[in-house]
Amino acid sequence: MTRILFALGLTLVVASCGVDGEPVRPSLNAGIGVSSSGVHAGGSVGLSKGPLSVSLGL
């Protein structure tokens, strides 16, 4: 189990530092809105590499 976690961690480090190409850029967006119906919060997280972007919003 430890070897699997180590391999996964090493893969993430190599992917994020750009050794194998352009690095993956993380993004974070958060906001708070106020309206007549109350206060609401929202946000999103995402990753982008080159022309490809993936985002998850709440």
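You'll find the structure just up there.
What you see is a predicted model, and the numbers here were worked out from it, not measured in a lab.

> Just give me the short version of the overall build of the protein, but keep the residues and values in it.
A count of helical and extended segments in the protein gives 1 helix and 3 strands. Helices and strands in the protein line up, N terminus first, as α-β-β-β. Long-range contacts, defined as pairs at least 24 residues apart, comprise 14% of the intrachain contacts of the protein with a sequence gap of at least 6. Carbon and sulfur atoms form 70% of the exposed surface of the protein, whose accessible area is close to 5000 Å².

> I'd like to hear about the sheet that holds strand β3 (residues 52-57), residue by residue, with values.
Taken together, 3 strands build an open sheet; the order of strands is β1-β2-β3 and the sheet is antiparallel. Looking at which strands have only one partner, the edges of the open sheet turn out to be β1 (25-35) and β3. Each strand of the sheet is rotated relative to its neighbour by a mean of 20 degrees, with strand direction disregarded. Bridge analysis of strand β2 (residues 38-49) against β3 gives 6 bridges, and the strand direction is antiparallel. In the sheet register, S44 faces β3, and the bridge partner there is G57.

> Now, about the pairing of β1: what can you tell me, with residues and values included?
With 11 bridges joining them, β1 and β2 adopt antiparallel strand pairing. For V34, the partnering residue across the bridge sits in β2 and is V39. Adjacent in sequence and paired antiparallel, β1 and β2 are bridged by 2 residues.

> Tell me about the side chain of S48, and name the residues and values.
Counting through the fold element by element, S48 comes out in strand β2. Looking at S48, the relative accessible area reads 12%, which means it is buried.

Cut-offs used in this document
- Residues numbered from 1 in each chain as written.
- Predicted model: local features only at pLDDT ≥ 70, side-chain atom pairs only at ≥ 80, totals over all residues.
- Heavy atoms only, no water.
- Helix = DSSP H or I, 4+ residues; strand = E, 2+ residues; numbered from the N terminus.
- Contact = heavy atoms within 4.5 Å.
- Areas by Shrake-Rupley, 256 points an atom, 1.4 Å probe, with all protein chains shown as cover.
- Pairing = 2+ DSSP bridges.
- Axes fitted to C-alpha atoms, helices over the stretch in contact; angles between N-to-C directions.
- Buried < 20%, exposed > 50% of the residue type's maximum accessible area, 1.4 Å probe, protein only.

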